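Understanding the architecture of this molecule
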4 protein chains.
Amino acid sequence: MRLTEAQLPWLETHRTDTLGPSLFAIHAFDKAHLVMLAERGIVEPEHVAAMLTALRDMEREGTAKARAEVGGGMHSGEHYLIGRLGEAIGGRVHTGRSSGDLIEVARRMTIRGYVLDILDGLTAVRGALVGLGLANLESVMPGYSHGQHAQPTTLGHWAAMFQVAFSRDHDRLRSCYRRLNLSPAGAAILTGSDFPLDRELVATLLGFDAPLRNTMDAIMSHDLEMEVASALTVLAATIARLADDLILWSTAEFAFVDLPDRFCGTSSIMPQKKNPDGLELMKSAAGQALAGLVGAVIAERGPTGFPILERRHTQDTLWAVGALVGQHLTGLADLLMSMRVDAARMAAAAGEHWAQVTDLSSALVRVCGIDWRSAHQTVALLVRRATESGRSPAQVTPEELDAAAGEVVGHPVGLGAADFAAAMDPRAFVRRRTLLGGPAPDQVCAELTRARTEINDAREEVRVLRDAVASAERELERRVDALVGAPSGGATAGGVGR
Amino acid sequence: MRLTEAQLPWLETHRTDTLGPSLFAIHAFDKAHLVMLAERGIVEPEHVAAMLTALRDMEREGTAKARAEVGGGMHSGEHYLIGRLGEAIGGRVHTGRSSGDLIEVARRMTIRGYVLDILDGLTAVRGALVGLGLANLESVMPGYSHGQHAQPTTLGHWAAMFQVAFSRDHDRLRSCYRRLNLSPAGAAILTGSDFPLDRELVATLLGFDAPLRNTMDAIMSHDLEMEVASALTVLAATIARLADDLILWSTAEFAFVDLPDRFCGTSSIMPQKKNPDGLELMKSAAGQALAGLVGAVIAERGPTGFPILERRHTQDTLWAVGALVGQHLTGLADLLMSMRVDAARMAAAAGEHWAQVTDLSSALVRVCGIDWRSAHQTVALLVRRATESGRSPAQVTPEELDAAAGEVVGHPVGLGAADFAAAMDPRAFVRRRTLLGGPAPDQVCAELTRARTEINDAREEVRVLRDAVASAERELERRVDALVGAPSGGATAGGVGR
Amino acid sequence: MRLTEAQLPWLETHRTDTLGPSLFAIHAFDKAHLVMLAERGIVEPEHVAAMLTALRDMEREGTAKARAEVGGGMHSGEHYLIGRLGEAIGGRVHTGRSSGDLIEVARRMTIRGYVLDILDGLTAVRGALVGLGLANLESVMPGYSHGQHAQPTTLGHWAAMFQVAFSRDHDRLRSCYRRLNLSPAGAAILTGSDFPLDRELVATLLGFDAPLRNTMDAIMSHDLEMEVASALTVLAATIARLADDLILWSTAEFAFVDLPDRFCGTSSIMPQKKNPDGLELMKSAAGQALAGLVGAVIAERGPTGFPILERRHTQDTLWAVGALVGQHLTGLADLLMSMRVDAARMAAAAGEHWAQVTDLSSALVRVCGIDWRSAHQTVALLVRRATESGRSPAQVTPEELDAAAGEVVGHPVGLGAADFAAAMDPRAFVRRRTLLGGPAPDQVCAELTRARTEINDAREEVRVLRDAVASAERELERRVDALVGAPSGGATAGGVGR
Amino acid sequence: MRLTEAQLPWLETHRTDTLGPSLFAIHAFDKAHLVMLAERGIVEPEHVAAMLTALRDMEREGTAKARAEVGGGMHSGEHYLIGRLGEAIGGRVHTGRSSGDLIEVARRMTIRGYVLDILDGLTAVRGALVGLGLANLESVMPGYSHGQHAQPTTLGHWAAMFQVAFSRDHDRLRSCYRRLNLSPAGAAILTGSDFPLDRELVATLLGFDAPLRNTMDAIMSHDLEMEVASALTVLAATIARLADDLILWSTAEFAFVDLPDRFCGTSSIMPQKKNPDGLELMKSAAGQALAGLVGAVIAERGPTGFPILERRHTQDTLWAVGALVGQHLTGLADLLMSMRVDAARMAAAAGEHWAQVTDLSSALVRVCGIDWRSAHQTVALLVRRATESGRSPAQVTPEELDAAAGEVVGHPVGLGAADFAAAMDPRAFVRRRTLLGGPAPDQVCAELTRARTEINDAREEVRVLRDAVASAERELERRVDALVGAPSGGATAGGVGR
């Protein structure tokens, strides 16, 4: 009625096919809003009952199908109800509501579903890392810095590192969940409504912890969306780093691990190829997440209430990345538990390229009383001379060390053969590192054991969050039952979950 | 000793002039590390005493100046000590340590300082918003969506929105602080050390809550840096939105606010110009923060331990943005408290462009019993007809509404003159919105009052965090005193703070 | 045969539904490759004829439908041919080819189609701007800097600015096209083939200007993809700026333009809303383009030949943005030609807020011989005094100017009433700016007339590029005809275009 | 005079210390503008002569030093002249000019300098790649896809790929230079001036090809800045890829190359470390460039003339990246010419991991008449069987191939021993690839020879561009000489270059 021309087709923004995973959230909001309108006496109980009955019919038809057919995107509920019951009844569903709160409620409920899946995925990956680590407490391998052999460590230590890193992602998303699981419902477009809406009730029926406390903020602020995109970006970056490690380790040159064939692809031209497809896709999510975040930040640039349609694309990206990351965590847990590790090859590499010689310097300090800097320089010269003459770590001798010491500190150091050998042994290197957080097997074992308890607690906590959502779903159905005078027959199509 | 050529000059990465604000963190770490080496018996007490005494001398000279002169960047402490005491003594300071933990300790202590400043800045801005909001509970103004007048609201409601938004930034940074304030010290480059380092002691002396629990993670994982960059990006985006609102409102066309001259600039050619320089700079930080985050994520791409120098630039950006955001929050609090608001102009605008007519539809539902959708369409037609004939909201009549109703629902609606007038009054519009989070003055007043308490709690919590850091500083000085056998004389140049 | 497990379902990367617009390019490459295999004697003519005949059958069925049914994504041609002719014949189509060149050929041909559409869209928008500008040579309006009224200009000058800006986009994309329209065909995965492929022939039949001159580069380098993403980002940023201008100008406060209703949306709650949906969507593409570029750059990070699957998502984004930008240019040209301009309101605004006073300073220099800086300061004081006392530009007098001069230069300046009035007239301000590129109507008229010729040349040049592609399509069909011994019957389903 | 409070210190945007490399451009513009003001009679010749004389004095003092002392940033020229000559004379230098064109002129001249340096750097790198390639036409090595051994190629082919890639960067920057080297001078803030400025003359004296043709565009459009940032991003991404290849190749596991020690760093804890510092820093520029581009795009978001100060940070970033990229290209050329290649190790790797078996499939097609898909599957099974039984490419036999063929095609293929051996020889693999762009030594040699000519032409073209700038500098000095009545005495401090 307001405008005089039909909107151009490419402007059509209310399309059901773009609701994607949020369709069920929209449906639940329709029901919860109607329940509240009845309880507050804003709409006559019999009108609400008629509308809820029709929505129950829709569920029997198939909510997604029925909403797709009737069109209207987030307004498909109203379209359906007007189609079935006429405008005089169906035209009451949107009382006190706006596209604004429909979008924001659907956004938060949908993201909530992804976040819960990701939290479960994180506990799965962390569990797999604990398992891998415990099985490899003694699997010595080279640690790298600047891409070069730095010092020996163990695969167990590596696994424990990623376990700790993913535990931070868990903390971040858990903390974010508290800001996320708040209800915009009733905020309409920015001022709420002059109808006496009960925002707490709708929040409760949709599984939210509470209503957002400022209606303009509920619709116009999108920092939460950026926070979610950020949290996914940071998490995806850690996944990508782990994937990059495994891709490198599965090159012919490193050959530390062999991936299960089901995670690999081959080539249409090169018959020998076994490509790490799964790891490449896992890694790929990091770039998509960052791109989504950049898109979100730039889309929101501008005065309050100016960028509205610009936000739509961000939402699609966010949902796509949310789904991807959840899926990749599940895949990663499986891959970590089933890949084959070549511990012998790792161990051989650990001592082949001088990674252990930090401890030759330490030995000079401890045993021979030389200061650290002189010890370090002495060993540096030893390595340089050996490299120049093509001698390997297994071939160098205490005598060569003395020669180097002669050049650096002016006299031989006289490190005994046993001390020399102990200093040059990568396994002993690792065993000596018993300090907090170090790679000594007992130390890593203790940390992984401690982690296992944390993971169990985290898993239980996610279960509690899911239960709260499921319990809200059941309460909503009970209220609908009471209003329509009949049980739902177990239909769950309008579930609050995802 | 290891390499045979001098490094190219542009490769020099250990430069004191690039340490920036982290120089004092490096200095404190030098001292805490020495204290620990003595307490663990790794270095002789008299050697440690000599080195600590020299560092106290350095403080008297001026730590920044002395370290700049001696060069070596994060290794300037060792350079200085070797220069003063010879390699046989000064060469012992780095025992059990690496560039790795030097960098990471300095990074975290420096960021900690910025985060504390930003938390203080956030409480200042939130306090200013509470003040502005309470002073403008009745200042009716247009609320916007899609850049168009949407519905009347108040400046108080707007201020309350930003107060809530900034409280989320506070939560995010506070939550981040728990992950941030953990000590990498003793992790060396990735495996710690075979010297019996006491990581807990060093952590305590540097004001950290605890040591990080995996030494490889402590050096190689940089998710925390991305999290900080993300948190700054999200916060800066909210600052930018607020700035964009005020920039728009200070255009000649809007003219809702007049900025204090000290926040403005003028022009070298246009004598009349009063430019909102301060707001533009505040807004600018958002782009820099996002750019920094993008740079951080891309720099870290690759297998564990491969990207090392790539990280350096990220750090500079992060520090620059950390400083900027803190400064802008302080400026913003000042600006919000001192800008002039033209409440009369805002109020006049609130009802001039039909923003109030959502409630004319509501009135049709409530008073005349029409369904929402029909009511909405009736009013839409009214607005279209009035717009086409050049009539303003102040001019339309219940008769014109009846005419529109005739076209839409087939009969007049008969809304009385009083109801019509109440529905068309923007002030009444706002007063009717008493629902949770709505713009009704009492509602906003209650929320702002509640916020004031939260802000006081937040301010107190930051004070406690700062006290913990200051207390660690004092403890470090006491231990140094004990080892050198003399009090520091109150020197604070090596402070743990920033 | 190579691997022992079925690939996980979520790893399936060869899916026809992800080919999108590149499906027809794949089809054309299948045909051109077969023609070349026959002409080089690599596959027997009768085998090639059988395969080409089958592909002609596929076209009659509907290429997209048939390929979707048979699956295999870019390998759907081979799947189809093996299904119809058995492996002994159909298994020959991929001789000397790899997924590598299939992907790259399809990518370039698909992007080529978008670039040609965008070049046409650019000429349309530039044409519309010329029209708008010529109709508004005298439409004086405020020009802004720092969001404040800076100096008077005209809408014609504004239109001419965007015409020039879009001409640079045209140049960039035209220059990019020369690097884009080169053929990767025959590069296989990185070394080409030991079959005697004729790369020039395939290039010609697919409408490319020439083959790429290094086979590893053809597959492994993706700088071109980044360049295209960059060019779209820059172009989309200019579209977004123009959209931002019009969004601002269509606010109630500015009200300089009124958008056609077909480019607008309304609200489900606010009956009065007329939202600039079309402009918001146009603006939105800029963020998506930048996000796509960020995604592309990060996806490609790594050693040559390592990131392969990471690239896939980039391609989707690039194609989506390519389509969006083309569509938005067409929409923008329509909008520019049909929006209503309120020239009277613009003109009134031009002199209301002191934008003209740069020329009052000039007058003091020219007429009164005062130096520029003193003149500027004198007028600055005049504006300040007038603002403080609430006097408007229309109210100030030469006497007030003399008073300000007294304070600044120590004596009155004595500017006559006529000179004063001329200096304070925004229309005269504009008319005086006859310098190259300035807003004087004759100057803008000359530039727009000159632009019209350039646009015609540009349009003609795009037509020539399209003709070259169409001519290659026809040549391909002629060669197929010759091999299968029958004309195609006019089928164009396998067109080389898009 | 306009404002009533002193600006806050952190708002000070006109600071000489932030002019960086643009200071000399500002200086040259001051001089060229004065020359033009005199020639057009806008300022009296004697006033201009006095000012030019003072600027010549400034050059003798040291332009950078004098401008830093007098302060005022881009307005330091005016500050200096007023300080020396009083406002009545020195206050005339800014006649007809604004901060707007000062900023834009300085930006373009500064970027021009970087682009010229980068173009020279590109020819140096391309020359080094030609040299490296020609020296390694027969250096067989593995080519990779998905990080796995794909097919044998040569180091010469690899070098030729990067030569081609960098030639596209050259084209992009050369094309960009045409849009870059246009003069904003005389555009003032957006409308030019009512003084009769000669924009062509100033353009000529500053070495620009022509004035920009719309004064609003000259100041307000920043697409060029984004284009430059994009071009640097794409170029830096290619540098980063090359660096990533060499970093990987210099791992202990690959060990294909050994870097000159001067490009490397060592460790403060690990005595053996030789870190590829130079390559890491080269790689690092890619992230900084992308971050800069993101910052630029987001900074410019908004209506025309609104984002002004937001742009300042972009400029700093752009200049930093411009300098970095130029420097890295020079370093890269040196590194490529001086690194040691282990051709024997590369060659051994080329055949060790089945990279050659694409040609075993080809042989089955060519010699045995089997279709490609069956041949490919046969060889795939051969590789799988051999891998499972631990047999290497050097160990497999024609009999094993027949066994695989039996399983796949139902009968042995009978490939003779000589054909089998030829198919399995990586050197022969490469030699067979004589197609356009392939790795056969003669083919690569021809391409590199052709490239050498192109590079010479490119180098000559850059020389011509530099000469044009230098010639403008001389002409400016001649005009200054004429006005001040004395030669400059060879001072070049005000040079137009960089």
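We now turn to the structure provided with this report. (Residues numbered from 1 in each chain as written. Chains lettered and ligands numbered in written order. Predicted model: local features only at pLDDT ≥ 70, side-chain atom pairs only at ≥ 80, totals over all residues. Heavy atoms only, no water.)

**Points about the overall build of chain A**
The helix and strand inventory of chain A stands at 19 helices and 6 strands. In terms of overall size, chain A is more extended than a compact globule, its C-alpha atoms giving a radius of gyration of 31 Å where 498 residues would be expected to give roughly 23 Å. For the C-alpha atoms alone, the extent of chain A along its principal axes is close to 100 × 50 × 45 Å. The 498 residues of chain A split such that 68% are buried. In chain A, once contacts between residues fewer than 6 apart in sequence are set aside, the share between residues at least 24 apart is 76%. Put simply, chain A shows about 14,400 Å² of open surface, and 53% of that area lies on carbon and sulfur atoms. Once the 50 positive and 61 negative side-chain charges of chain A are each reduced to a mean point, those two points are 1 Å apart. (Helix = DSSP H or I, 4+ residues; strand = E, 2+ residues; numbered from the N terminus. Rg over C-alpha atoms; globule rule 2.2 N^0.38 Å. Buried < 20%, exposed > 50% of the residue type's maximum accessible area, 1.4 Å probe, protein only. Contact = heavy atoms within 4.5 Å. Areas by Shrake-Rupley, 256 points an atom, 1.4 Å probe, with all protein chains shown as cover. Lys, Arg positive; Asp, Glu negative; His and termini not counted. Charge placed at Lys NZ, Arg CZ, Asp CG, Glu CD.)

**Thoughts on helix H14 (residues 358–368) of chain D**
Residue and element names in this part refer to chain D. Among the 11 residues that make up H14, 8 are buried, leaving the element largely enclosed by the rest of the structure. Of all the residues in H14, the buried ones are Thr-358, Asp-359, Leu-360, Ser-361, Ser-362, Ala-363, Leu-364 and Val-365. Where H14 ends, the next residue or the one after it, Gly-369, has phi of about 75°, a positive value.

**Side note on the interface of chain D and chain A**
Facing the 44 residues of chain D at the interface are 44 residues of chain A. Summing both sides of the interface, chain D and chain A together bury roughly 3,500 Å²; the carbon and sulfur share of this comes to 57%. If you look at where chain D meets chain A, you find 0 salt bridges. Every element with two or more residues in the side of chain D that touches chain A is listed here: strand E1 (140–145), strand E2 (148–154), helix H11 (277–299), H14 and helix H15 (372–388) of chain D. A total of 6 residues in the side of chain D that touches chain A trace back to one element, the largest contributor, which is H15(D). Residue classes in the side of chain D that touches chain A are distributed as 20 nonpolar, 16 polar and 8 charged. (Buried area = accessible area lost by both parts, 1.4 Å probe. Salt bridge = Lys/Arg side-chain N within 4 Å of Asp/Glu carboxyl O. Nonpolar A, V, L, I, M, F, W, Y, C, P; charged D, E, K, R; others polar.)

**Quick look at the relation of the copies chain B and chain A**
In the superposition of chain B on chain A (RMSD 0.0 Å, axial shift 0.0 Å), the rotation amounts to 180°. In short, the pair behaves as if placed about a two-fold rotation axis. For chain B, the smallest separation between a C-alpha atom and the rotation axis is recorded for Ser230(B), amounting to 2.9 Å. Interface overlap between copies is the fraction of interface residues in one copy that are interface residues in the other; for chain B against chain A it reaches 100%, indicating a shared surface. (Least-squares fit on C-alpha atoms with pLDDT ≥ 70 in both.)

**Structural notes on the packing of aromatic side chains**
Under the definition given, this model contains 34 aromatic pairs over all chains. Where Tyr144(A) meets Phe254(A), the ring centres are 5.9 Å apart and the plane angle is 50°; that geometry is what we call tilted. Of this pair, Tyr144(A) sits in strand E1 (residues 140–145) while Phe254(A) is found in the loop between helix H10 (223–249) and strand E5 (257–258), placing the two residues 110 residues apart along the sequence. For Tyr144(A), a relative accessible area of 6% gives the class buried. The interplanar angle of 55° and the centroid separation of 6.2 Å between the aromatic rings of Trp249(C) and Phe256(C) together place this pair among those described as tilted. For the pair formed by Trp249(C) and Phe256(C), the shared burial category is buried. Positioned above the aromatic ring of Phe195(B) is the side chain of Arg366(A), whose terminal nitrogen or guanidinium carbon lies 5.4 Å from the ring centre. (Phe/Tyr/Trp six-rings, centres within 6.5 Å; stacked < 30°, edge-to-face > 60°. Lys NZ or Arg CZ within 6 Å of the ring centre and 35° of its normal.)

**As for the interface of chain B and chain A**
Interface extent is often summarised as the accessible area lost during association of the parts. At the junction of the two partners, chain B supplies 109 residues and chain A supplies 109 residues. If you sort the residues of chain B by the area they bury against chain A, Met1(B), Asp194(B) and Arg213(B) come out on top, with a joint share of 9%. Our count for the contact surface shared by chain B and chain A stands at 16 salt bridges. Among the salt bridges present, the one from Glu227(A) reaches Arg172(B), with a minimum N-O distance of 2.6 Å. On inspection of chain B and its partner chain A, the count reaches 53 residue pairs in polar contact (both at pLDDT 80 or more). Here the side of chain B that touches chain A is composed, by residue class, of 46 nonpolar, 33 polar and 30 charged. (Polar contact = N/O pair within 3.5 Å; in protein donor to acceptor, adjacent residues only side chain to side chain.)

**Side note on the pattern of salt bridges**
Under the definition given, this model contains 192 salt bridges over all chains. A salt bridge links Arg373(A) to Glu78(B), with the shortest nitrogen-to-oxygen separation between them at 2.4 Å. Of the two residues, Arg373(A) is situated in helix H15 (residues 372–388) and Glu78(B) in helix H4 (residues 76–85); the pairing between them involves two chains. Neither residue differs from the other here; Arg373(A) and Glu78(B) are each classed as buried.

**A closer look at the pairing of strand E1 (residues 140–145) of chain C**
Residues and elements named next belong to chain C. Here E1 lies mainly inside the structure; 6 of its 6 residues are buried. The sheet contact formed by E1 and strand E2 (residues 148–154) spans 6 bridges and is antiparallel. The residue bridging Val-140 from the neighbouring strand is Thr-154, located in E2. What sits between the antiparallel neighbours E1 and E2 is a turn of 2 residues, in which His-146 has the positive phi angle 55°. (Pairing = 2+ DSSP bridges.)

**Concerning the side chain of His328(B)**
Its place among the elements puts His328(B) in helix H12 (residues 310–338). Once residues lying within four places of it in the same chain are set aside, the contact partners of His328(B) are Leu281(B), Met282(B), Ala285(B) and Trp10(D).

**Overview of helix H16 (residues 398–408) of chain D**
Turn by turn, an α-helix covers 3.6 residues, leaving residues three or four places apart pointing in a common direction. Residue and element names in this part refer to chain D. All buried positions along H16 are accounted for by Pro-398, Leu-401, Ala-404 and Ala-405. An end-on view of H16 places all buried positions within 115° of arc, on one side of the element. After H16 finishes, the residue Gly-410 shows a positive phi value of roughly 90°. (Arc of directions from axis to C-beta.)

**What about the packing of helix H3 (residues 63–70) of chain A against helix H4 (residues 76–85) of chain A?**
For any two helices packed against each other, one specifies the crossing angle of their axes together with the interaxial distance. Residue and element names in this part refer to chain A. Running from N to C, H3 and H4 cross one another at 80°; their axes reach a closest spacing of 9 Å. Classified by the interaxial angle, the pair formed by H3 and H4 is roughly perpendicular. Only Ser-76, Gly-77, His-79 and Tyr-80 of H4 make contact with H3, whose side of the interface consists of Ala-66, Arg-67 and Val-70. Split into classes, the residues belonging to the contact of H3 with H4 amount to 3 nonpolar, 3 polar and 1 charged. (Axes fitted to C-alpha atoms, helices over the stretch in contact; angles between N-to-C directions. Parallel < 35°, antiparallel > 145°, perpendicular 65-115°, else oblique.)

**Some thoughts on the environment of Tyr80(D)**
Residues and elements named next belong to chain D. By secondary structure assignment, the location of Tyr-80 is in helix H4 (residues 76–85). Note: C-alpha distance between Tyr-80 and Glu-69 (11 residues apart in sequence) is 9.1 Å. Non-local contacts of Tyr-80, meaning those with residues more than four positions away in its chain, are made with Ala-54, Asp-57, Met-58, Glu-61, Ala-66 and Val-70. A distance of 2.5 Å separates a polar atom in the side chain of Tyr-80 from a polar atom in the side chain of Glu-61.

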